[in-house]
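Letter by letter, the chains look like this.
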Number of protein chains: 2
Amino acid sequence: MLSDQIINELQAIVGNANISTEKADRICYSYDATQQSFLPEVVLHPGSAEEISRVMKLANRELIPVFPRGAGSGFTGGSLPTKGGIVLCTERLDKILEIDEENLIATVEPGVITGQFQKAVEKVGLFYPPDPASLKFSTLGGNVAECAGGPRCVKYGVTKDFIIGLEVVTPTGDIITTGGPTMKGVVGYDLTKLLCGSEGTLGVITRIIIKLLPLPEAKKTMLVLFSSIDGAAQAVSAIIRDKIIPTTLEFMDGRTLDCVRQGTGLVVPDEARAVLIIEVDGDREFLDKQVNRIAELIKPLGVVETRIATTPEESEALWQIRRSVSASLRKVNPDKFNEDICVPRSKVPEMIRKVDAIADKYQIPIVNFGHAGDGNIHVNIMVNKKVSGDILKAEGAIQEVFKAALELGGTMSGEHGVGIAKAPYIPLEITPAAALYMKAIKRALDPNNILNPGKIFFDEENPIEYDD
Amino acid sequence: MLSDQIINELQAIVGNANISTEKADRICYSYDATQQSFLPEVVLHPGSAEEISRVMKLANRELIPVFPRGAGSGFTGGSLPTKGGIVLCTERLDKILEIDEENLIATVEPGVITGQFQKAVEKVGLFYPPDPASLKFSTLGGNVAECAGGPRCVKYGVTKDFIIGLEVVTPTGDIITTGGPTMKGVVGYDLTKLLCGSEGTLGVITRIIIKLLPLPEAKKTMLVLFSSIDGAAQAVSAIIRDKIIPTTLEFMDGRTLDCVRQGTGLVVPDEARAVLIIEVDGDREFLDKQVNRIAELIKPLGVVETRIATTPEESEALWQIRRSVSASLRKVNPDKFNEDICVPRSKVPEMIRKVDAIADKYQIPIVNFGHAGDGNIHVNIMVNKKVSGDILKAEGAIQEVFKAALELGGTMSGEHGVGIAKAPYIPLEITPAAALYMKAIKRALDPNNILNPGKIFFDEENPIEYDD
């Protein structure tokens, strides 16, 4: 329990209106998209890097764990206050400080909502490609901490590829800047990229410098229904082999389509057992040529139907199927584990076959969709928590899914991160020597293990106690 | 002095043919492009990560400094054996292990020559953009260690942007892998990007996984002569503001052109006081449109002459002027300090004005050329080491150039790194808190300070003794 004196000190730092120990407030900040819940002792809404610095110094002095939090939309528990202590929200740091059209750069605070930022830069003809599914509510700070992805990453890269500088409060409370507003820079270690995807364990992000691109002149969307998942997978390979890198190359397998049919009124022919949504962007005149070439390449691969959008509205309609997936899945089966393994893209068909075999073995439905273009598959293990034994089955299946991905040269997570959800599985992917190297960095920068403790690396001596 | 016993142990690790203590051999590996020289005690040519691991373990046991080395073409002394000890050459690790056309990935050993790698991937229609001027002899391992750049980085990004995985021998001799052959991956800290540009201080790179792009269908080169540097700088801004990102946007100032006129037979009209070489690449049909648009944009900005290449040979001829710069400069003045500051690109004209003022103040010629598209300017301070006082003047000028770049939001180095050449200036750019954060990482991973000690961070307690 935090003493009154400490609460008073924290209050003096952030101000009366920006601290709460009320249970109702603490509950609001106790969970994320994993739907697990851990109650913090106090919730802070600091208004500046200086305030965060003072909080971190106090936390080190008193050995209070601090859990930074954006919108709490993470899938792996990265922001959960697993050991009580302080939840440190960046919501008030929500300003777009500058959009520099001359240098194609923006400077923002971490609490800016990703989708709102995208709209702001698009207004002046610029483009911020990373598009995690959560973009309507997730924050740029959270996106940087987790290195968020999204459909467009196949062509443009992930969050990290657009972050060129940061202001960060270190675990011990110093305020430092990393990188800067230049396109190149090699003075000292690249702390910017180290902090991207470090899940809030190495510093609290208080300012972000973002590299932007010119907004592509136009885009064109096509939706292709295939009679088999193999056809769809071969189509992905055929497109890439032809040296075309579309903006998105999204896929859904047959089971996903079944859920969509069940859960929505969308018309999907029965013969369709897989879907690709292929979007290309760039110079207007060039797009037709690309779309025609893609149609030609995939024609022999069991195409049931091809729909091509000619207006933004039609494009939006084609995306409906993809956008309805999460809701449809939840309708069919409210409980699911959504993993996001990533394999070299040529290995997607083999991965899907392995997942099917795992589903058969454990007698549990597994639904696959995701970003085929970069081999990032969302493997959804459909459990019913009320059915006894289902959770155990799911845990077995998850572990086998991870092992299968790793056998194919892949990773356990393409964009969701490790948090606490995947921490126990870290030894499957990271060798002891590499884990030691990573932990040495964490220990050196956060000697008191104050900042987001227990995330990424499973803390065997001090495990997190999960509620069931 | 290394004892016979240690030499014998090293010999047992790498084999008779791959160790030398001969003075002639040691001299060969004593210098780099800075033309400074430090004699190592022994030169090793290991043939595998395992051998390097054993060398590192021995070095830690005996506290012998180890200096990894690619081709020794660095501009800042990153590979110099400043404290004697072991030079560890990666020359024998020179195999391209795989070019995976399906996944647009290559796996190579660190000793592969960058230019040869580019040719190999281009043969199968793939593309590795980073193109440091040294590419005909520098190695990919060295390029990764320094995070090399080059003209094409304005459109495609620097070396780091293409490196997705590494095998590394840690300073304490463990062999670890980082990242992998997937386009996304967020499990654990991004050691890959941390190691890129860490100048061989955090690990010895023994394998590199590289992301490739489809080779653009065609490219088009234009050379534009301007009557003033301001016109050229405005042209850069006008192009970017129009949302065109050319493949290269190289510039040379009037003094550079004077050197080229003096040093070569190339015809450059007297009115020309600045040059831009603009290259665009992509779909063939699209290029004419881009070139015409660029010509239209820059027309009002004091264009003396525009030359457009229509064949690869003509393109090569246009590049001649740029390629002749280094040799021309050396002809006019054999001694020069080549700095590579980088500023936000809109600040290039202001930076050039500041450099001109510094040249006037110190009464020393300064010649500017480089990558205007990303604000990365090669500032060449032309000294004559035989003229007494010239070195002192140059040192004053360099420091002022750095300060000017930093005042404009820039950095002391866009692509050359820090090494020993810029280490004394680190406090100008990196605040004490950020330097502590970086040094904490170095100390945690290399507790005995065995691997490339004294690089990046100026070692005040144990400074390097320079020969004059």
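Since this is a predicted model, take the numbers as computed values, not measurements.

Parameters and conventions
Residues numbered from 1 in each chain as written. Chains lettered and ligands numbered in written order. Predicted model: local features only at pLDDT ≥ 70, side-chain atom pairs only at ≥ 80, totals over all residues. Heavy atoms only, no water. Helix = DSSP H or I, 4+ residues; strand = E, 2+ residues; numbered from the N terminus. Rg over C-alpha atoms; globule rule 2.2 N^0.38 Å. Buried < 20%, exposed > 50% of the residue type's maximum accessible area, 1.4 Å probe, protein only. Contact = heavy atoms within 4.5 Å. Areas by Shrake-Rupley, 256 points an atom, 1.4 Å probe, with all protein chains shown as cover. Lys, Arg positive; Asp, Glu negative; His and termini not counted. Charge placed at Lys NZ, Arg CZ, Asp CG, Glu CD. Phe/Tyr/Trp six-rings, centres within 6.5 Å; stacked < 30°, edge-to-face > 60°. Pairing = 2+ DSSP bridges. Axes fitted to C-alpha atoms, helices over the stretch in contact; angles between N-to-C directions. Least-squares fit on C-alpha atoms with pLDDT ≥ 70 in both. Buried area = accessible area lost by both parts, 1.4 Å probe. Salt bridge = Lys/Arg side-chain N within 4 Å of Asp/Glu carboxyl O. Polar contact = N/O pair within 3.5 Å; in protein donor to acceptor, adjacent residues only side chain to side chain. Nonpolar A, V, L, I, M, F, W, Y, C, P; charged D, E, K, R; others polar. Parallel < 35°, antiparallel > 145°, perpendicular 65-115°, else oblique. Left-handed = near helix turned anticlockwise from the far one by under 90°. Expected span 1.5 Å × (residues − 1). Domains from an automatic or database assignment. Patch = residues over 30% accessible without salt bridge, like charges linked within 9 Å, V, L, I, M, F, W, Y side chains within 5 Å.

**Observations concerning the overall build of chain A**
Part 1 of the reasoning: When helices and strands are counted, chain A shows 16 helices and 18 strands.
Part 2 of the reasoning: Relative to the 2.2 N^0.38 estimate, which gives 23 Å for 468 residues, the radius of gyration of chain A is 23 Å and therefore close to what a compact globule would have.
Part 3 of the reasoning: With respect to the three principal axes, the spread of C-alpha positions in chain A is 70 × 60 × 45 Å.
Part 4 of the reasoning: Within the span of chain A, comprising 468 residues, buried residues form 62% of the whole.
Part 5 of the reasoning: Contacts in chain A between residues far apart in sequence, at least 24 positions, make up 73% of those at least 6 positions apart.
Part 6 of the reasoning: Just so you have it, chain A exposes about 17800 Å², and 50% of that area is on carbon and sulfur atoms.
Part 7 of the reasoning: Between the centroid of the 50 positive side chains of chain A and the centroid of its 62 negative side chains there is a distance of 3 Å.

**Here's the deal with the packing of aromatic side chains**
All names here are of chain A.
Part 1 of the reasoning: All chains considered together, the criterion is met by 10 aromatic pairs over all chains.
Part 2 of the reasoning: Ring plane angle 75 degrees and centroid distance 5.9 Å describe the contact between Tyr128 and Phe162, whose orientation is recorded as edge-to-face. Taken together, the residues span a long stretch of sequence, with Tyr128 in the loop between strand 7 (126-127) and helix 5 (140-146) and Phe162 in the loop between helix 6 (153-156) and strand 8 (163-169) at a distance of 34 residues. By the burial criterion, Tyr128 is buried, and Phe162 matches it.

**Focus: the sheet that holds strand 2 (residues 42-44) of chain B**
Residues and elements named next belong to chain B.
Part 1 of the reasoning: Pairing is mixed across the open sheet formed by 4 strands, whose spatial order is 1-2-4-3. Pairing within the sheet leaves two strands with one partner each, and these edge strands are strand 1 (19-20) and strand 3 (66-69).
Part 2 of the reasoning: As paired strands, strand 3 and strand 4 (residues 86-89) are joined by 4 bridges and run parallel to one another. Along strand 4, the bridge assignment pairs Val66 with Ile86.
Part 3 of the reasoning: Relative to the sheet, helix 3 (residues 49-62) contacts strand 2, strand 3 and strand 4, its axis offset from that of strand 4 by approximately 165 degrees.

**Looking at the relation of the copies chain B and chain A**
Part 1 of the reasoning: By a simple turn and slide, chain B fits onto chain A: the slide is 0.0 Å along the axis, the RMSD is 0.0 Å, and the turn is 180 degrees. Both copies are brought into coincidence by an operation consistent with a two-fold rotation axis.
Part 2 of the reasoning: The overlap is high: 100% of the interface residues of chain B also sit at the interface in chain A, so the same surface is used on both sides.

**What about the pairing of strand 14 (residues 274-282) of chain B?**
All names here are of chain B.
Part 1 of the reasoning: For strand 14, the buried fraction is high: 9 of the 9 residues fall into the buried class.
Part 2 of the reasoning: With 9 bridges joining them, strand 12 (residues 218-226) and strand 14 adopt antiparallel strand pairing. Among the inter-strand pairings, Leu223 is bridged to a residue of strand 14, identified as Ile277.
Part 3 of the reasoning: Both strand 13 (residues 248-253) and strand 14 contribute to a ladder of 6 bridges, which runs antiparallel. Looking at strand 14, one finds that Glu250 is bridged to Ile277.

**Describing the environment of Glu316(B)**
Part 1 of the reasoning: One can find Glu316(B) in helix 11 (residues 312-323).
Part 2 of the reasoning: Taking the C-alpha atoms as reference points, Glu316(B) and Glu102(B), 214 residues apart in sequence, are found 31 Å from one another.

**Topic: the interface of chain B and chain A**
Part 1 of the reasoning: Chain B puts 81 residues into the contact, and the matching count from chain A is 81 residues.
Part 2 of the reasoning: Interface area for chain B against chain A, summed over the two sides, is near 6600 Å², with a carbon-plus-sulfur share of 66%.
Part 3 of the reasoning: Among the residues of chain B in contact with chain A, Lys184(B), Tyr189(B) and Tyr437(B) are the three that bury the most area, contributing 16% of the side total.
Part 4 of the reasoning: Between the two partners, chain B and chain A, sit 12 salt bridges.
Part 5 of the reasoning: With a closest N to O distance of 3.3 Å, Lys184(A) and Asp374(B) form a salt bridge.
Part 6 of the reasoning: On inspection of chain B and its partner chain A, the count reaches 26 residue pairs in polar contact (both at pLDDT 80 or more).
Part 7 of the reasoning: Elements that contribute at least two residues to the side of chain B that touches chain A include exactly strand 9 (175-179), helix 7 (191-195), helix 8 (229-241), helix 10 (284-298), helix 15 (426-429) and helix 16 (432-445) of chain B.
Part 8 of the reasoning: A per-element tally of the side of chain B that touches chain A places helix 16 of chain B first, with 9 residues.
Part 9 of the reasoning: Among the residues forming the side of chain B that touches chain A, the class breakdown is 39 nonpolar, 23 polar and 19 charged.

**What to know about the packing of helix 1 (residues 4-14) of chain B against helix 3 of chain B**
All names here are of chain B.
Part 1 of the reasoning: It is at 9 Å that the axes of helix 1 and helix 3 come closest, and there the two elements cross at 165 degrees. Classified by the interaxial angle, the pair formed by helix 1 and helix 3 is roughly antiparallel. With respect to the hand of their crossing, helix 1 and helix 3 are arranged in right-handed fashion. Along the contact surface, helix 1 presents Ile6, Glu9, Leu10, Ile13 and Val14, while helix 3 presents Glu51, Arg54, Val55, Leu58, Arg61 and Glu62.
Part 2 of the reasoning: A per-class count over the contact of helix 1 with helix 3 returns 6 nonpolar, no polar and 5 charged.

**Some remarks on helix 13 (residues 348-362) of chain A**
Residues and elements named next belong to chain A.
Part 1 of the reasoning: Between its first and last C-alpha, helix 13 extends 21 Å over 15 residues, near the 21 Å set by a 1.5 Å rise per residue.
Part 2 of the reasoning: For helix 13, the complete set of buried residues consists of Val348, Pro349, Met351, Ile352, Val355, Ile358, Ala359 and Tyr362.
Part 3 of the reasoning: Phi turns positive one or two residues past the end of helix 13, at Gln363, with a value near 50 degrees.

**Notes on the domain arrangement of chain A**
Part 1 of the reasoning: For chain A, the domain assignment lists domain 1 (4-89), domain 2 (96-214), domain 3 (218-327) and domain 4 (332-407).
Part 2 of the reasoning: The straight-line distance from the C-alpha centre of domain 1 of chain A to that of domain 3 of chain A is 43 Å.

**Description of the side chain of Thr411(A)**
Part 1 of the reasoning: Inspection of the secondary structure puts Thr411(A) in the loop between helix 14 (390-407) and helix 15 (426-429).
Part 2 of the reasoning: The exposure class of Thr411(A) is buried, given its relative accessible area of 4%.
Part 3 of the reasoning: A polar contact of 2.8 Å, which involves the side chain of Thr411(A), links it to the side chain of Glu429(A).
Part 4 of the reasoning: Excluding residues that lie within four positions of it along the chain, Thr411(A) makes contacts with Ile341(A), Cys342(A), Ala405(A), Leu406(A), Glu429(A), Thr182(B), Lys184(B), Gly185(B) and Val187(B).

**With respect to a nonpolar patch on the surface**
Part 1 of the reasoning: Side chains of Ile27(B), Tyr31(B) and Leu39(B) sit close together on the surface and give an oily, nonpolar patch of about 260 Å² of accessible area.
Part 2 of the reasoning: Counting through the fold element by element, Tyr31(B) comes out in the loop between helix 2 (23-28) and strand 2.

**Notes on the environment of Met252(B)**
All names here are of chain B.
Part 1 of the reasoning: Relative to the helices and strands, Met252 is located in strand 13.
Part 2 of the reasoning: Here Met252 falls in the buried class, since its relative accessible area comes to 0%.
Part 3 of the reasoning: Placed 73 residues apart in sequence, Met252 and Val325 show a C-alpha to C-alpha distance of 8.8 Å.
Part 4 of the reasoning: Ignoring anything within four residues of it in the chain, the contact list for Met252 reads Ala274, Val275, Ile277, Ile321, Arg322, Val325, Asn368 and Phe369.

**Quick look at the pattern of salt bridges**
Part 1 of the reasoning: Under the defined criterion, the tally for this structure stands at 62 salt bridges over all chains.
Part 2 of the reasoning: A salt bridge links Asp281(A) to Lys155(A); its shortest N-O distance comes to 2.7 Å. Linking Asp281(A) in strand 14 (residues 274-282) with Lys155(A) in helix 6, this pair joins segments that are 126 residues apart in sequence.
Part 3 of the reasoning: Residue Asp281(A) is classed as buried on the basis of its relative accessible area, which comes to 9%.
Part 4 of the reasoning: We note a salt bridge from Arg255(B) to Asp356(B), for which the minimum N-O separation is 3.9 Å. Linking Arg255(B) in helix 9 (residues 254-263) with Asp356(B) in helix 13 (residues 348-362), this pair joins segments that are 101 residues apart in sequence.
Part 5 of the reasoning: The network of salt bridges with common partners includes Asp258(A), Arg261(A), Asp270(A) and Arg273(A).

**Digging into unusual backbone geometry**
A negative phi holds for most residues other than glycine; trans holds for most peptide bonds.
Residues and elements named next belong to chain A.
Part 1 of the reasoning: Of note in the backbone geometry, Gln35 takes a positive phi value of approximately 65 degrees without being a glycine.
Part 2 of the reasoning: Relative to the helices and strands, Gln35 is located in the loop between helix 2 (23-28) and strand 2 (42-44).
Part 3 of the reasoning: Of the residues examined, Gln35 reaches a relative accessible area of 70% and is grouped as exposed.

**As for the side chain of Arg345(B)**
Part 1 of the reasoning: For Arg345(B), the position within the fold is in the loop between strand 16 (335-339) and helix 13.
Part 2 of the reasoning: In this structure, Arg345(B) is buried with no salt-bridge partner, the nearest side chain bearing the opposite charge being Asp374(B) at 6.8 Å.

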